[in-house]
Amino acid sequence: MTSTHKEKFGAPVIPPSQAARLDTSPAKSAIRTRTASPERRSEVAEAAPTPGPKNQPLDLEFSSEPRNTVTPSLRSRRGQTITNAASPYAPGSRLIGPPSGPSPHLRALTSGGSRLPSLEEALDPNNFPFIEMCRLGREDSFGVIKIKNIPYGVTRPEILAFLGRNARIINEQEYEPVHIVMERVTSKTLDCYVEFINLNEAVNAVNRFETNRAGNRGGRLGSRHVECELSSQEQLMKDLFPKAKNVAWQGSTPIIIPNDPNDRYNSGFQGFISKEELVMLVKHVEAPQRSPFSKECPQRPFECLISTLLKYPWYMVDHITINDRYLLHKATIELIKLLKERIDSDTDPVNLNNQLFKRVWRAALKCPGFTPCMKDDVVYVCDIDDRTALELGVAPYAVWWKPLFTIGHKPDIPADTLMWYIAIIREHLDRKKAYVSLAERAARNEGNELPKLFGDLDKLIERPEGWWNMTLGQVARFEWTAIEQVLREILTPALEGRQ
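A brief report on the enclosed structure follows. For clarity, every value in this text was computed on a predicted model and none was experimentally measured.

Quick notes on the nonpolar core
Okay, step 1: Phe241 and Phe272 are the most contacted members of the largest nonpolar core, which totals 68 residues.
Okay, step 2: Broken down by element, the residue count for this core peaks at 11 residues, all from helix 10 (residues 322-344).
Okay, step 3: In this view, Phe272 contacts Phe241, Ala244, Val247, Trp249, Pro254, Ile256, Glu277, Tyr312, Pro313, Met316 and Ile320; residues no more than four positions away in its chain are not counted.
Okay, step 4: Counting residues in each nonpolar core, the second largest holds 33 residues, with Trp400, Trp401, Leu404 and Leu491 among its members.

Here we look at helix 10
Okay, step 1: With 23 residues, helix 10 ought to run about 33 Å at 1.5 Å a step, and its terminal C-alpha atoms sit 33 Å apart, in line with that.
Okay, step 2: With respect to burial, helix 10 is a largely interior element, 17 of its 23 residues being buried.
Okay, step 3: Immediately downstream of helix 10, the backbone of Asp346 shows phi near 55 degrees, a positive value.

Regarding the packing of aromatic side chains
Okay, step 1: Under the definition given, this model contains 22 aromatic pairs.
Okay, step 2: Here Trp249 and Phe272 contribute two aromatic rings whose centre-to-centre distance is 6.1 Å and whose plane-to-plane angle is 45 degrees, an arrangement assigned as tilted. Within this pair, whereas Trp249 is found in strand 8 (residues 247-250), its partner Phe272 is found in the loop between strand 9 (253-256) and helix 7 (275-286), the two being separated by 23 residues in sequence.
Okay, step 3: The positively charged end of Arg224 is found above the aromatic ring belonging to Tyr152, 5.2 Å away from the centroid.
Okay, step 4: The residue whose ring lies beneath Arg463 is Trp467, and the NZ or CZ to ring-centre distance is 4.9 Å.

A word on the side chain of Ser252
Okay, step 1: Take Ser252: it is sitting in the loop between strand 8 and strand 9.
Okay, step 2: Every residue in contact with Ser252, bar those within four places of it in the chain, is listed here: Glu139, Asp140, Gln233, Met237 and Tyr315.

Some points on the environment of Ile384
Okay, step 1: Mapped onto the secondary structure, Ile384 falls in the loop between helix 12 (372-382) and helix 13 (386-391).
Okay, step 2: Once the C-alpha coordinates of Ile384 and Trp361 are considered, the two residues, 23 residues apart in sequence, prove to be 9.1 Å apart.

Details of the pairing of strand 4 (residues 189-196)
Okay, step 1: The element strand 4 is largely enclosed, with a buried count of 7 among its 8 residues.
Okay, step 2: Inspection of the sheet shows strand 2 (residues 143-148) paired to strand 4 by 5 bridges, in the antiparallel sense. Counted as the bridge partner of Val144 is Glu195 from strand 4.
Okay, step 3: With 4 bridges connecting them, strand 3 (residues 178-182) and strand 4 associate as antiparallel partners. Within strand 4, the position partnered with Val178 by the bridge is Val194.

Quick word on the pattern of salt bridges
Okay, step 1: This model, assessed by the stated rule, comprises 23 salt bridges.
Okay, step 2: In this structure, Arg300 engages Glu303 in a salt bridge whose closest nitrogen and oxygen atoms are separated by 2.7 Å. Highlighted residues: Arg300 and Glu303, both in helix 9 (residues 300-311), separated by 3 residues, approximately one helical turn. In this structure, Arg300 and Glu303 share a single accessibility class: buried.
Okay, step 3: Salt-bridge contacts for Arg488 lead to Glu484; the nearest nitrogen and oxygen are separated by 2.8 Å. In this pair, Arg488 and Glu484 both sit in helix 16 (residues 472-491), 4 residues apart, roughly one turn of the helix.

Examining the packing of helix 7 against helix 9
Okay, step 1: Running from amino to carboxyl end, helix 7 crosses helix 9 at an angle of 150 degrees, the nearest separation of the two axes being 9 Å. Taken together, the axis directions place helix 7 and helix 9 in an arrangement best described as roughly antiparallel. The interaxial crossing formed by helix 7 with helix 9 has left-handed handedness. Here Leu281, His284 and Val285 of helix 7 lie close against helix 9, whose contacting residues are Pro301, Phe302 and Cys304.
Okay, step 2: Class assignment of the residues belonging to the contact of helix 7 with helix 9 gives a composition of 5 nonpolar, 1 polar and no charged.

Re the packing of helix 11 (residues 354-366) against helix 12
Okay, step 1: Contact geometry for helix 11 and helix 12: axes closest at 9 Å, N-to-C directions at 160 degrees. By the angle between their axes, helix 11 is roughly antiparallel relative to helix 12. In this structure, helix 11 meets helix 12 at a crossing whose hand is left-handed. Seen from helix 11, the contacting residues are Phe357, Trp361, Ala364 and Leu365; seen from helix 12, they are Lys375, Val378, Val379 and Cys382.
Okay, step 2: Partitioning the contact of helix 11 with helix 12 into residue classes produces 7 nonpolar, no polar and 1 charged.

Focus: helix 5 (residues 199-214)
Okay, step 1: Here helix 5 is 16 residues long and its end C-alpha atoms lie 23 Å apart, about the 22 Å a rise of 1.5 Å per residue gives.
Okay, step 2: All buried positions along helix 5 are accounted for by Glu201, Ala202, Ala205, Val206 and Phe209. One side of helix 5 carries all its buried residues, which in axial view fall inside an arc of 145 degrees. Facing away from the buried side of helix 5 by more than 90 degrees, the exposed set consists of Asn200 and Ala214.
Okay, step 3: Contacts made by the buried residues of helix 5 are with strand 2, helix 4 (156-163), strand 4 and strand 7 (227-230).
Okay, step 4: With its phi angle positive at about 55 degrees, Asn216 sits one or two positions after the end of helix 5.

Reading the values: the criteria
Residues numbered from 1 in each chain as written. Predicted model: local features only at pLDDT ≥ 70, side-chain atom pairs only at ≥ 80, totals over all residues. Heavy atoms only, no water. Core = buried A, V, L, I, M, F, W, Y, C linked by side-chain atoms within 4.5 Å. Buried < 20%, exposed > 50% of the residue type's maximum accessible area, 1.4 Å probe, protein only. Helix = DSSP H or I, 4+ residues; strand = E, 2+ residues; numbered from the N terminus. Contact = heavy atoms within 4.5 Å. Expected span 1.5 Å × (residues − 1). Phe/Tyr/Trp six-rings, centres within 6.5 Å; stacked < 30°, edge-to-face > 60°. Lys NZ or Arg CZ within 6 Å of the ring centre and 35° of its normal. Pairing = 2+ DSSP bridges. Salt bridge = Lys/Arg side-chain N within 4 Å of Asp/Glu carboxyl O. Axes fitted to C-alpha atoms, helices over the stretch in contact; angles between N-to-C directions. Parallel < 35°, antiparallel > 145°, perpendicular 65-115°, else oblique. Left-handed = near helix turned anticlockwise from the far one by under 90°. Nonpolar A, V, L, I, M, F, W, Y, C, P; charged D, E, K, R; others polar. Arc of directions from axis to C-beta.

Put into structure tokens, the structure is as follows:
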């Protein structure tokens, strides 16, 4: 199959009509996940992280602040240029180049740039660079122990010291091994769970505890005698999400129990976390003097947030709504801002410090349920450098992924392959727009639109009335339909010829 236009490698396909407008100088070529104006950094604490769920336009975006000051053509809060995104492999790129050429993956997909792939090749899972981010979440099968009767003010380092250096807990860089459970409404500290690499290691930890206690060498945390026992993922998830109604846990997997129509007092499954819990989680930090438990351990709400983000069963996409995720993201941004304020004011350098701050934003960036734009909010608020953000899985040019509420990039696909797919989608939609009459453009008020990373893909995605309360799985089907439609038009000559 031959293409009607030629690809230029070292950068995604650039139509001749746009080539003159795209500036690919070295100073502007690096992949950006966050570029914020210094004079606007002081405004981030005042800006709302995301518009509310009511009366939303169809192009609702999660990012509320402009990120790009490197490109001088930026003119508005919502308008974002794609100059930097057009040439990720331009000479002088700090983050991913300059390489010798396209990656072997992209070279194989396009036969060294001599052709467009077939539709079957483009949609092959080994080549296709998009995925529903929530489905990257997985069930956990780690061994678990439970430490009971812990002091209210116990700290994470104290728990790790109590377990000893021989405890083989799960990797702290990838997961969160220590879960000090907090009742979100009252902020009362309950029990502590610790995850080990397997069940045998959890059993060994309990045996060491019993041996030490028998020899009067341990068994205390602070001033309290504690109990250490073997537990399970079921009990951990049940205590982390106590307000989840009509849920039976099998391991870390929730089984949703259908509502009994004859039981008028049972409202059925309403989500894994209630709105009240998230509101109170923030309130405990905003007004710790009103929360006696939180006042004694100010770090506990942030530790609760970390456990919530990383243990939330995001893969249950047919039971989590867009609004559910929005509320959790909103609470995350608010808590991050509050923690940053506490650290800057040196309120409690022992408990509220940069180490805790880093654990919080790393958990937010590793959360599989957040969209690229949501993660870009975290990058912007925390002033995280671009390289670190990319290493933690934030999509290239994350701020421009606004049309997609469920779909992100596949982690194991090279960046240039991802950008190549995005480029052919954008350019195909731009070519279709070129055939629109001036009268139609004026009616749509398209004259002043700036280029977008995905072109007009957002206009092809169906947003039914009430979609805000639809599940992630339902919204994903509309987005997959739009992407597949565009790729079929591009890679099926008969269809492209009729455009």
